[in-house]
Amino acid sequence: MTLQRRDVVQALLADRGGLLVVAGLGSTAWDCTAAGDSALTFPMWGAMGSAAMTGLGLALAQPERRVLVLTGDGEMLMGLGSLATIGVQKPANLSVVVIDNERYGETGMQATHTAQGVDLAAMARAAGFASGVLVRDRAGVAAVRRSVRQDAGPHFAQIKVAAEKVPLALPPRDGALLKNRFREALLGQSASLQ
Ligand SMILES: Cc1ncc(C[n+]2csc(CCOP(=O)(O)OP(=O)(O)O)c2C)c(N)n1
């Protein structure tokens, strides 16, 4: 049975503890909010192509924390160079998970290149990630969940999901608020004043 994006994100984020999450723009950010708004989730809102690089910076700055980038296939395709940089830097605490509906969902469901077979997981492996998997079932999602939390990375997963329209679940829209609450939750109350 085809995986559904909300179930996948819910499963990946359940009991997330101190996991730091960067949510790519659009649908994956709404998926994260639907799974439960959190100060430790940083949604990219309109910034397309930079989710993985934002996650890399966070992972390098916070080597004791686990960092998960959850993003869409269109967003990942726009920032492919980041795979090479992550492959070179090799942060063991970083995972990049692409929720692959093979569409630019937010802008009208136009097909992306993954609909034509572009294999992002193979690209990540070739770039030097510790693992790069293509996932189509629940067992695969459970394995990704484990890797995100405990195995030495960097990990990459391309999770195929149905191309469905789901209800909007919007995080706060104010960028300064999102940054400050993330910093406070991670670094302590005085962090937003620095
Ligand atoms: C540089 C740039 N180009 C285009 C857009 C418009 N845009 C917003 S969301 C989106 C599609 C995102 O597709 P994908 O990452 O596959 O996410 P999905 O919604 O399908 O899960 C596009 C093209 C943008 N925000 N920024």
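From a predicted model like this one, the values you see are computed outputs, not experimental measurements.

Caption draft 1: Region of the structure containing the packing of helix α5 (residues 81-89) against helix α6 (residues 120-127). It is the contact of α5 with α6, at a shortest axis distance of 8 Å, that shows an interaxial angle of 40 degrees. Regarding the angle of α5 to α6, the classification is oblique. Every pair of crossing elements has a handedness; the one defined by α5 and α6 is right-handed. The residues of α6 that touch α5, namely those facing Leu-83, Ala-84, Gly-87 and Val-88, are Leu-120, Met-123, Ala-124 and Ala-127.

Caption draft 2: Local environment of the environment of Met-48. Among the secondary structure elements, Met-48 is positioned in the loop between β2 (41-43) and α3 (51-61). Overall, Met-48 belongs to the partly exposed group, its relative accessible area being 31%. As a C-alpha pair, Met-48 and Gly-74 span 26 residues in sequence and 8.6 Å in three-dimensional space. Residue contacts for Met-48: discarding those within four places in its chain leaves Leu-25, Gly-74, Glu-75, Met-78 and Tyr-104.

Caption draft 3: View of the nonpolar core. Core analysis: the largest hydrophobic core is formed by 25 residues, its most contacted members being Met-76, Leu-94, Val-96 and Phe-156. Those elements that place two or more of their residues in this core are β1 (20-23), α3, β3 (67-72), α4 (73-78), α5, β4 (94-100), α6 and α8 (175-187). Considering every element that reaches this core, the biggest residue donor is α3, with five residues. With 24 residues, the next largest nonpolar core counts Leu-19, Leu-70, Val-141 and Ile-159 among its residues.

Caption draft 4: Structural context of the environment of Ala-92. Within the element layout of this structure, Ala-92 appears in the loop between α5 and β4. Residue classification places Ala-92 among the partly exposed residues on the basis of a relative accessible area of 39%. In this structure the C-alpha to C-alpha distance between Ala-92 and Glu-106, which are 14 residues apart in sequence, comes to 31 Å. In contact with Ala-92, not counting residues within four places along its chain, are Arg-66, Asp-151, Ala-152, Gly-153 and Pro-154.

Caption draft 5: A look at the sheet that holds strand β7 (residues 131-135). Taken in spatial order, the six strands make up an open sheet running β2-β1-β3-β4-β8-β7, and their pairing is parallel. Where the open sheet ends on each side, the last strands, each with one partner, are β2 and β7. Going from strand to strand, the sheet's axes swing by 15 degrees on average, the running direction of each strand aside. In the sheet, β4 pairs with strand β8 (residues 155-160) via six bridges, with the strands oriented parallel. In the strand pairing of β8, Val-96 is matched with Phe-156.

Caption draft 6: Region of interest: the packing of aromatic side chains. The final tally for this structure, using the stated rule, is three aromatic pairs. Note on Phe-42 and Phe-182: the rings are 6.1 Å apart at their centroids and 70 degrees apart in plane angle, and the pair reads as edge-to-face. Of this pair, Phe-42 sits in strand β2 while Phe-182 sits in helix α8, and the two are 140 residues apart along the sequence. Its relative accessible area of 23% is what places Phe-42 among the partly exposed residues. When its relative accessible area of 8% is taken as the criterion, Phe-182 is described as buried.

Caption draft 7: Up close: the site of the ligand. Near the ligand there are 16 residues, and of these Ser-27, Gly-74, Glu-75, Arg-103 and Gly-105 occur at the shortest range. Interatomic distance of 3.3 Å between a side-chain N/O atom of Asp-73 and an oxygen atom of the ligand. Glu-75 is positioned with one of its backbone polar atoms (N or O) 2.8 Å from an oxygen atom of the ligand. Contact with the protein chains covers 74% of the free accessible surface of the ligand, which is 590 Å². When residues of the shell around the ligand are traced back to their parent elements, those giving at least two are α4 and β5 (103-104). Among the elements that line the shell around the ligand, the one with the most residues is α4, at four residues.

Calculation rules
Residues numbered from 1 in each chain as written. Predicted model: local features only at pLDDT ≥ 70, side-chain atom pairs only at ≥ 80, totals over all residues. Heavy atoms only, no water. Axes fitted to C-alpha atoms, helices over the stretch in contact; angles between N-to-C directions. Helix = DSSP H or I, 4+ residues; strand = E, 2+ residues; numbered from the N terminus. Parallel < 35°, antiparallel > 145°, perpendicular 65-115°, else oblique. Left-handed = near helix turned anticlockwise from the far one by under 90°. Contact = heavy atoms within 4.5 Å. Buried < 20%, exposed > 50% of the residue type's maximum accessible area, 1.4 Å probe, protein only. Core = buried A, V, L, I, M, F, W, Y, C linked by side-chain atoms within 4.5 Å. Pairing = 2+ DSSP bridges. Phe/Tyr/Trp six-rings, centres within 6.5 Å; stacked < 30°, edge-to-face > 60°. Near = heavy atom within 4 Å. Polar contact = N/O pair within 3.5 Å; in protein donor to acceptor, adjacent residues only side chain to side chain. Areas by Shrake-Rupley, 256 points an atom, 1.4 Å probe, with all protein chains shown as cover.

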